[in-house]
Amino acid sequence: MIYQDDFIKIEQESNELPWIKIFTQKPFRELSDCDEKTRYRLFEATIISEKAMLEFYKPTKINIASFGNYVPHVHIHVIARFENDKFFPESVWGQARRDGSLNLPDFGEFVKFLTPKLKDKFC
């Protein structure tokens, strides 16, 4: 667990790419089911996470996605993408285009970078 409060929880997706998932604490099925405070927290955490990934990893692009087909619980994926990752420029859920050649800082260091930004905004 990277962060949690009454509205959201943030977890790492196990992957070679810097990738987090931001879940609502309550098991809302659709984004439109969320109350206003939860939606606000979800979107603010997404923006904070995106900016932190941009600053920390300096990726080519940030991908943000919300599907919930397999896990029908509102959550947002925030993924740092790089020109030399396995899938770029295609979706990370698609077919690999090459062997990845990423040499990135440790994800634990990113968590230490991100967490204070979330706490400063929400605590």
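Here is what the cut-offs are and how they apply
- Residues numbered from 1 in each chain as written.
- Predicted model: local features only at pLDDT ≥ 70, side-chain atom pairs only at ≥ 80, totals over all residues.
- Heavy atoms only, no water.
- Helix = DSSP H or I, 4+ residues; strand = E, 2+ residues; numbered from the N terminus.
- Polar contact = N/O pair within 3.5 Å; in protein donor to acceptor, adjacent residues only side chain to side chain.
- Contact = heavy atoms within 4.5 Å.
- Phe/Tyr/Trp six-rings, centres within 6.5 Å; stacked < 30°, edge-to-face > 60°.
- Expected span 1.5 Å × (residues − 1).
- Buried < 20%, exposed > 50% of the residue type's maximum accessible area, 1.4 Å probe, protein only.
- 1 Å grid on protein atoms, 1.4 Å probe; cavity = no way out; pocket = protein on both sides within 12 Å on 5 of 7 lines; lining within 4 Å.
- Points joined across faces, edges and corners; volume = space filled by probe spheres on them.
- Nonpolar A, V, L, I, M, F, W, Y, C, P; charged D, E, K, R; others polar.

This paragraph deals with the side chain of lysine 21. As for its position among the elements, lysine 21 is in strand β3 (residues 19-24). Only 2.7 Å separates the side chain of lysine 21 from the side chain of glutamate 13, close enough to count as a polar contact. Sequence-distant contacts of lysine 21, defined by excluding residues within four places in its chain, comprise Lys9, Ile10, Glu11, Glu13, His75, Ile76 and His77.

Before going further, it helps to examine the packing of aromatic side chains. If you walk through the whole model with that rule in mind, you get eight aromatic pairs. Measuring from ring centre to ring centre gives 5.4 Å for phenylalanine 56 and phenylalanine 113, while their planes differ by 40 degrees; the resulting arrangement is tilted. Pair noted here: phenylalanine 56 is in helix α1 (residues 36-57) and phenylalanine 113 is in helix α2 (residues 107-122), with a separation of 57 residues, a long-range link. Measuring from ring centre to ring centre gives 5.3 Å for tyrosine 57 and phenylalanine 110, while their planes differ by 40 degrees; the resulting arrangement is tilted. Here phenylalanine 110 lies in helix α2 and tyrosine 57 lies in helix α1, a separation of 53 residues in the sequence.

With that settled, the discussion passes to α2. Taking 1.5 Å of rise per residue, 16 residues should cover 22 Å, and α2 covers 22 Å from first to last C-alpha, within 8% of that figure. Within the sequence span of α2, burial applies to Phe107, Phe110, Leu114, Thr115, Leu118 and Phe122. Against the buried residues of α2 lie β1 (3-4), β2 (8-12), β3 and α1. Regarding α2, its N-cap is aspartate 106, as a side-chain oxygen of that residue lies 2.9 Å from the backbone nitrogen of glycine 108 further along.

Turning our eyes to something else, we now look at the layout of surface pockets. Computed from the structure, the largest pocket encloses a volume of approximately 250 Å³. Residue lining of the largest pocket: Glu13, Trp19, Lys21, Phe23, Phe67, Gly68, Asn69, Tyr70, Val71, His75, His77 and Trp93, and that is the complete set. Broken down by secondary-structure element, the contributors of at least two residues to the lining of the largest pocket are β3 and β5 (75-81). For the lining of the largest pocket, the element with the most residues is β3, which contributes three residues. Its residues placed into classes, the lining of the largest pocket shows six nonpolar, four polar and two charged. Around the second largest pocket, the lining comprises 13 residues; the ones closest to its centre are Arg29, Glu30, Ser66, Phe67 and Val74. Taken together, the residues of the lining of the second largest pocket sort by class into six nonpolar, five polar and two charged.

The analysis is restricted to geometry; functional conclusions fall outside its scope.
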